[in-house]
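# Inside the fold
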Amino acid sequence: MTPLVATAVLIAAFTHAGWNAIAHAIKDQLVSFTLISGGGLLIGAAAAAFVPFPAADAWPYLALSAALHVTYMLLLMRSFTLGDFGQMYPIARGTAPLVVTVLAAVFVGERPDGWATAGVAVASAGLVGMALWGIRGSGKRPHRPAIVAALATGLAIAGYTTVDGVGVRASGSSLGYIAWLMILEGVAIPVYALYRRRSALPAQLRPYALRGLLGAALSVAAYGLVLWAQTRAALAPVAALRESSITPRSYSDHYESPQEAQDRHHRRRACLDLLPYLAYAG
């Protein structure tokens, strides 16, 4: 992975963190994801008129990816409603790079070298360790529904990451691919919300419209950068480096004392600071 690609993925990581923060801040998760999905649909439709049309070979991957993305969003909505998901979300993000590494090796023929494997291991260990530390510090028993949701979310992330890595390479244009992916995946959640909320939906969307559309723009930008990176680097290191979007502060506020949070922050930053160097080697 070149420094330019690594920089793009790091920008995508923090942009991803931004749209996740917006989504989580809107307490009605169906409203939140309706705005983000619908906004992505509008952005994709506008962009599709100006970017190359994806090659025919990419369309099976686009269709499968859209289904996986909708599944991911439904799981994320469900997970955000579970009280302890902030503790479990690092498990979802931490398991995904490991699964991507296996899927990429089996289905894409990408077998990372030692440095790239170390980068994936450091990222995953740091994230899963953060969740386990949160459980330890909370004094509570693990919340099983949140664990199940986190693992299922991680599998969905790994699934669409691998599918999109193959699909965007077959498409001939990462811009065309992201535009049509947003169109295909952007329909399901708004239609479901309209079915559930009916005539009450517009009034529920209105107070959060600007925030939701900003979240949509950040989401499209973040994943567009990831797709571009996947055309220029192996899937596993890109997936691992992307997970530097998971910041300790959003979880430590609820589960740790200030000293515990500070100690873990220093440990995790030391690990994550290694990732760009490990990624370059990959």
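Read on for a plain summary of the structure. (Residues numbered from 1 in each chain as written. Predicted model: local features only at pLDDT ≥ 70, side-chain atom pairs only at ≥ 80, totals over all residues. Heavy atoms only, no water.)

### Here we look at the overall build of the protein chain
Each helix and strand in the protein chain was counted, giving 14 helices and zero strands. Its helices and strands taken in sequence order, the protein chain reads α-α-α-α-α-α-α-α-α-α-α-α-α-α from the N to the C terminus. The buried share of the protein chain, reckoned over its 282 residues, is 50%. Considering only residue pairs separated by 6 or more positions, the protein chain has 88% of its internal contacts joining residues 24 or more positions apart. (Helix = DSSP H or I, 4+ residues; strand = E, 2+ residues; numbered from the N terminus. Buried < 20%, exposed > 50% of the residue type's maximum accessible area, 1.4 Å probe, protein only. Contact = heavy atoms within 4.5 Å.)

### Some words on the pattern of salt bridges
Per the counting criterion, the structure on display carries three salt bridges. With its nearest N and O atoms 2.9 Å apart, the salt bridge here joins R197 to D28. Pair noted here: R197 is in helix α8 (residues 188-197) and D28 is in the loop between α1 (3-25) and α2 (29-48), with a separation of 169 residues, a long-range link. For R197, a relative accessible area of 24% gives the class partly exposed. Residue classification places D28 among the partly exposed residues on the basis of a relative accessible area of 28%. (Salt bridge = Lys/Arg side-chain N within 4 Å of Asp/Glu carboxyl O.)

### A few points about the side chain of D164
In this fold, D164 is placed in helix α6 (residues 144-171). Despite being buried, D164 has no salt bridge partner; R242 is the closest side chain of opposite charge, sitting 7.8 Å away. A distance of 2.6 Å separates polar atoms of two side chains, one belonging to D164 and the other to S65. Leave out the neighbours within four places in its chain, and D164 touches S65, H69, Y177, L181, Y223, L227 and Q230. (Lys, Arg positive; Asp, Glu negative; His and termini not counted. Polar contact = N/O pair within 3.5 Å; in protein donor to acceptor, adjacent residues only side chain to side chain.)

### Some remarks on empty space enclosed by the protein
This structure, assessed with the given rule, holds three cavities of 30 Å³ or more. Considering only enclosed or pocket space, the largest cavity measures out at about 200 Å³ in volume. W19, H69, M182, E185 and S219 are the residues nearest the centre of the largest cavity, which is lined by 18 residues in total. Secondary-structure elements contributing two or more residues to the lining of the largest cavity are α1, α2, α3 (59-80), α7 (174-185) and α10 (209-230). Its residues placed into classes, the lining of the largest cavity shows ten nonpolar, six polar and two charged. (1 Å grid on protein atoms, 1.4 Å probe; cavity = no way out; pocket = protein on both sides within 12 Å on 5 of 7 lines; lining within 4 Å. Points joined across faces, edges and corners; volume = space filled by probe spheres on them. Nonpolar A, V, L, I, M, F, W, Y, C, P; charged D, E, K, R; others polar.)

### Re the packing of α1 against α2
The geometry of α1 relative to α2 is characterised by a closest axis approach of 8 Å and an angle of 140 degrees between their N-to-C directions. Classed by the angle they form, the pair α1 and α2 counts as oblique. Where α1 approaches α2, its residues W19, I22, A23 and H24 are matched on the opposing element by Q29, S32, F33 and I36. For the contact of α1 with α2, the residue count by class is five nonpolar, three polar and no charged. (Axes fitted to C-alpha atoms, helices over the stretch in contact; angles between N-to-C directions. Parallel < 35°, antiparallel > 145°, perpendicular 65-115°, else oblique.)

### Some details on the nonpolar core
Ranked by internal contacts, the top residues of the largest apolar core, which has 46 residues, are F33 and Y72. Top contributing element to this core by residue count: α3, with seven residues. The next biggest cluster of nonpolar side chains, apart from the first, holds five residues, and it includes V100, A158, L235 and A239. (Core = buried A, V, L, I, M, F, W, Y, C linked by side-chain atoms within 4.5 Å.)

### Quick look at the packing of aromatic side chains
In this structure the tally under the stated criterion is six aromatic pairs. Ring plane angle 80 degrees and centroid distance 5.5 Å describe the contact between F53 and W180, whose orientation is recorded as edge-to-face. With F53 in the loop between α2 and α3 and W180 in helix α7, this residue pair connects regions lying 127 residues apart in the sequence. A centroid spacing of 5.5 Å and a plane angle of 65 degrees characterise the contact between W59 and W180, whose relative ring orientation is edge-to-face. Of this pair, W59 sits in helix α3 while W180 sits in helix α7, and the two are 121 residues apart along the sequence. For W59, a relative accessible area of 24% puts it in the partly exposed group. In this structure W180 comes out as partly exposed when scored by relative accessible area, which is 22%. (Phe/Tyr/Trp six-rings, centres within 6.5 Å; stacked < 30°, edge-to-face > 60°.)

### Points about the environment of W180
Once the C-alpha coordinates of W180 and L62 are considered, the two residues, 118 residues apart in sequence, prove to be 7.7 Å apart. When residues no more than four places from it in sequence are discounted, the contact partners of W180 are A48, F53, P54, W59 and L62.

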